[in-house]
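Chain by chain, the residues run as shown.
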Amino acid sequence: MAENRNILSMTGITKTFPGVLALDDVDFSLRKGEVHGLMGENGAGKSTLIKVLTGVEQPDAGIIELDGRSVHVRSPQHSQELGISTVYQEVNLCTNISVAENIVLGHEPHRFGVLAWKKMNALASQALKRLEIDIDVAQPLGNYSLAIQQMVAIARSLEFTSAKILILDEPTSSLDVNETNLLFDVVRKLKSEGLGIIFITHFLDQIYRIADRITVLRNGKLVDTYDTASLPRVELIAKMLGRSMTDLDAVSKSKVEHEQKASGECLLEAKGLGLKGSLEPVELALRVNEVLGLAGLLGSGRTELAGLLFGVDTPDSGSLTLSGKTIQRFSPLESLKNGIALCPEDRKAEGIVGELTIRENIILALQARYGWFKFLSAEKQNEIAQKYIQLLGIVTPSSEQLAKNLSGGNQQKLILARWLATNPQVLILDEPTRGIDVGAKAEIQKLVLDLAAQGKSCVFISSELEEVLRISHRIVVMRDHKKAAEYSGDVNDQTIMQTMAGNL
Amino acid sequence: MAERTKFFLLRYGPLLTTMTVFVLAYLAGGWLYPAMKNPQVFFNLFINGGYLLLVSIGMTFVILTGGIDLSVGGVIALTTAASAALLKAGVSPFVVMPLMVILGIVFGLTQGCIVHFLKVQPFIATLMGLYFARGMAYIISLESVTIKDSFYKSLALTPIPIPFLDAYVYIPTLVGPIMLIVAIYLTYFTRFGRTIYAIGNNEQSALLMGLPVARTKILVYSFSGLCSALAGIVFSISLLAGYGQFATGTELDAIASVVMGGTSLAGGVGTVIGTLFGVLINQTIVSILQFNGTLSSWWTRIGVGILTLIFIGIQSLFYIRRKHS
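Being a predicted model, the structure only gives us computed values, none of them experimental. (Residues numbered from 1 in each chain as written. Chains lettered and ligands numbered in written order. Predicted model: local features only at pLDDT ≥ 70, side-chain atom pairs only at ≥ 80, totals over all residues.)

### What to know about the overall build of chain A
On a plain count of helices and strands, chain A comes out with 18 helices and 22 strands. Of all 504 residues assigned to chain A, the portion counted as buried reaches 43%. Partitioning the contacts of chain A with sequence separation of at least 6, the portion at a separation of at least 24 is 69%. (Helix = DSSP H or I, 4+ residues; strand = E, 2+ residues; numbered from the N terminus. Buried ≥ 20, exposed ≤ 12 C-beta atoms within 10 Å, placed from the backbone. Contact = placed C-beta atoms within 7 Å.)

### Focus on the environment of Ala28(B)
Examined against the element boundaries, Ala28(B) turns out to sit in helix H1 (residues 2-32). Measuring from C-alpha to C-alpha, the distance between Ala28(B) and Ile288(B) comes to 9.0 Å, with 260 residues separating the pair along the chain.

### A short note on the packing of helix H2 (residues 39-64) of chain B against helix H11 (residues 250-260) of chain B
The angle between the axes and the distance between the axes are what describe a pair of packed helices. Residue and element names in this part refer to chain B. Running from N to C, H2 and H11 cross one another at 65°; their axes reach a closest spacing of 9 Å. Our classification of the angle between H2 and H11 gives roughly perpendicular. Here the hand of the crossing between H2 and H11 comes out right-handed. Together, Leu52, Val55, Ser56, Met59, Thr60 and Ile63 of H2 and Thr250, Asp253, Ala254, Ile255, Ser257 and Val258 of H11 make up the contact between the two elements. Of the residues that constitute the contact of H2 with H11, the class distribution is 7 nonpolar, 4 polar and 1 charged. (Axes fitted to C-alpha atoms, helices over the stretch in contact; angles between N-to-C directions. Parallel < 35°, antiparallel > 145°, perpendicular 65-115°, else oblique. Left-handed = near helix turned anticlockwise from the far one by under 90°. Nonpolar A, V, L, I, M, F, W, Y, C, P; charged D, E, K, R; others polar.)

### Concerning the nonpolar core
General note: in soluble globular proteins, nonpolar side chains tend to be found buried as a group. In this structure, Ile165(A) and Leu54(B) are the most contacted members of the largest nonpolar core, which totals 150 residues. Per-element tally for this core: the top contributor is helix H10 (residues 213-239) of chain B, with 15 residues. With residues near it in sequence (within four places) discarded, Leu54(B) still touches Val175(B), Gly176(B), Met179(B), Cys227(B), Leu230(B), Ala231(B) and Val234(B). Membership of the second largest hydrophobic core comes to 62 residues, among which are Leu279(A), Leu292(A), Ala341(A) and Val476(A). (Core = buried A, V, L, I, M, F, W, Y, C linked by C-beta atoms within 7 Å.)

### Considering the interface of chain B and chain A
Listed by partner, the interface residues are 20 residues for chain B and 19 residues for chain A. When residues of the side of chain B that touches chain A are traced back to their parent elements, those giving at least two are helix H8 (191-201) and helix H9 (203-208) of chain B. Here the side of chain B that touches chain A is built from residues that sort into 11 nonpolar, 7 polar and 2 charged.

### Some remarks on the sheet that holds strand S5 (residues 69-71) of chain A
All names here are of chain A. One open sheet accounts for 4 strands, arranged S2-S1-S4-S5; its pairing is antiparallel. Every other strand in the sheet has two partners, leaving strand S2 (20-31) and S5 as the edge strands with one partner each. If you compare each strand with its neighbour and ignore which way they point, the axes differ by 25° on average. Sheet topology places strand S1 (residues 6-17) next to strand S4 (residues 61-66); 5 bridges connect them, and they run antiparallel. Directly across from Thr14, in S4, lies its bridge partner Ala61. (Pairing = 2+ DSSP bridges.)

### A word on the pairing of strand S15 (residues 291-295) of chain A
Residue and element names in this part refer to chain A. The element S15 is largely enclosed, with a buried count of 5 among its 5 residues. Side chains of S15 alternate between two faces, with Val291, Gly293 and Ala295 and Leu292 and Leu294 buried alike. With 4 bridges connecting them, S15 and strand S20 (residues 457-461) associate as parallel partners. Counted as the bridge partner of Leu294 is Ile461 from S20. Relative to strand S21 (residues 474-479), S15 runs parallel, the two sharing 4 bridges. From the neighbouring strand, Ala295 faces S21, where its bridge partner is Val477.

### Regarding the confidence of the model for chain A
The share of residues in chain A with pLDDT of 70 or more is 88%, and the mean pLDDT across the chain is 81. Of all helices and strands in chain A, the one with the weakest mean pLDDT is helix H9 (residues 246-259) of chain A (57), whereas strand S3 (residues 35-39) of chain A scores best (92). (pLDDT = per-residue confidence, 0-100.)

### Thoughts on the packing of helix H7 (residues 175-189) of chain B against helix H12 (residues 272-292) of chain B
Residues and elements named next belong to chain B. Closest axis-to-axis distance for the H7/H12 pair is 9 Å, and the angle between their directions is 150°. With respect to H12, the axis of H7 lies roughly antiparallel. Here Leu180, Ala183, Ile184 and Thr187 of H7 lie close against H12, whose contacting residues are Val272, Ile273 and Leu276.

### A look at the sheet that holds strand S9 (residues 165-169) of chain A
Residues and elements named next belong to chain A. Pairing within the open sheet is mixed, and its 6 strands lie in the order S6-S9-S10-S3-S11-S12. Lying at the two open borders of the sheet, with one neighbouring strand each, are strand S6 (84-87) and strand S12 (221-227). Across the sheet, the mean angle separating the axes of adjacent strands is 20° when strand polarity is ignored. In terms of strand pairing, strand S11 (residues 213-218) meets S12 through 6 bridges, oriented antiparallel.

### Quick notes on the pairing of S21(A)
All names here are of chain A. With 6 bridges connecting them, S21 and strand S22 (residues 482-488) associate as antiparallel partners. Along S22, the bridge assignment pairs Met478 with Lys483. Adjacent in sequence and paired antiparallel, S21 and S22 are bridged by 2 residues, among which Asp480 carries a positive phi angle near 50°.

Here you go:
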């Protein structure tokens, strides 16, 4: 199907951000009528490459050729004029204006300078029908679900019939299975029409279903471009990580080694701990040296339980004891003083302060524990920051780098570092590996196990069953805001899924 | 159908509230002071509030993009002072007026460029614009300069009767309503207008949609500058004078009118029609106080202040409801 003619070739693209070499001499090509998967971990340079192609960022060096002609993409608008259309991961549309406007604005039909609203709405309806979506296009976009908004974004990018290249940047992250299938049907249709499609996703399944070729980036460098058929999955992962899967095996192994130790004394114990409307009374015992997995669907009460343990909310029933002492006052500050730490779920909103440096981010919680008036000397601060940057392997040129410049995985490590700096006894981790790549996941999992081995206790909350199973010594399953069951670490995933679903 | 009604109410609720408040305020005035029932009083709202309507229209555009323009009062003062000085020097009014319009546009354009290219906060950029314009007005003349030009006088003093009603307006009074129609056309029927709304909702998105963000933002400040210059011309005709102290605090009256009209200071939400009613409410309160005759004119500001606060409260309620639905 794919012709061997390149419609796009990018050569020697280089782009530097303050302190970070985001793209280093990267080559990329796209053929007419192919779906080209762009793969890599977070921070590999995928987004930057797309931003360069769409004119959001200007490259420091390199040549972009469209149909054999060298071009300089000045702006997103210019890239559209050149026939490059993009659908981004986050829906980049305006929620206050109508669906129709969101689709046709910039190319809207008008008569004598007057917008032809009827024609606009008709055009928009037609564009959505192509995706088999039938909605009232005169309504503001904000009235519809995120999935519909995503489809509108795709309809918008398709509506420009001059489009020669379509970039789909994580388009399926907010779509369900049926919507994804629908999207793939559309992608195949466009491919047969001769469009070149660049497809970025974290889902390996989807890449193998749809992509003809795969280009792998790692740390801003090109690894290589492969035919999908000749690249086995395991090899793709290895190329993305730049190492074999042995790291993950090592995690499982170290868990077994710690297994015996984890039967120590009880550190944190909840008896009938509950809060009306949030969590039904829960019994929970956390031992020294133990990783306690907390599994359950979104909204099952996992996060609420973590909040009660850390004192974000005050329970209205039951009691919580730490090393035999009953906790009287529930507040995060009190918990910090007692040696309990919580890494929240949403690292952007609740965790990282992007405009502060890495050092300042690490010191934050420690400073809160010391009180605001006790001064930590610059030397001491640096010492602590350096210690944790090394301990957790945070990749950064210096501790004075702004936190927002770090990749997702490194930001997550930074939050961990902040809480570790307070030297907690109990560490509650709410989705610590969400949205970060496989390599960083393995590192964080290993770190959690190491911490447990050093005499700390961890509560590990995750939606990914596989990682809960891999590192937990015991697993508590939550369902409908109550504790559904408790298993030892060698339970299989089927049992847990059945419990989560309520069949057991 | 019920669903549609709900969406309609959520969408146009703030606008309908503003209209209702105006009607109620006017009826209350008519009930307290029967003389207010005279149709001329209604047209006086436009005669006296014409300049405010003009700057509020420009302000609406700026606020819809998520910005603010504090320079409008200064530009009015500068326009009146410059007009008076030029007319006194014997320059033809047919040269003076277009010159003032160009002055306003260039002034706004410069502010727009400072906001967009130098990434200066609109609040700061236009505050500097306000100081600059008012300062320049005093450089031209430290005292009020009377306009003796015969064309200006005839514009100021020739009444135009309103058909079928025992009422009249003046020629400059028509500038506000004409610009209102132009503004409605621009916001609703042009890509420029729709881009304003898109930018106000999410500038980054608008940029990624390939919309002309830079051009639109700069044009919006230029448009506000144009409106201010027109307001200045109207002002100098109705007072037949130019002075650096004219229109003090107008920028805040305009912002209050825009907010009362249902436009969100966060940008992206609001209408020019709403602004018209915001201005009318402002002028109605002024009228009621004039008819009363004993109350301090500062009650206008107190009334507008309270109303603005209430409107902002109503707006957030609608916003919260919309988020939930």
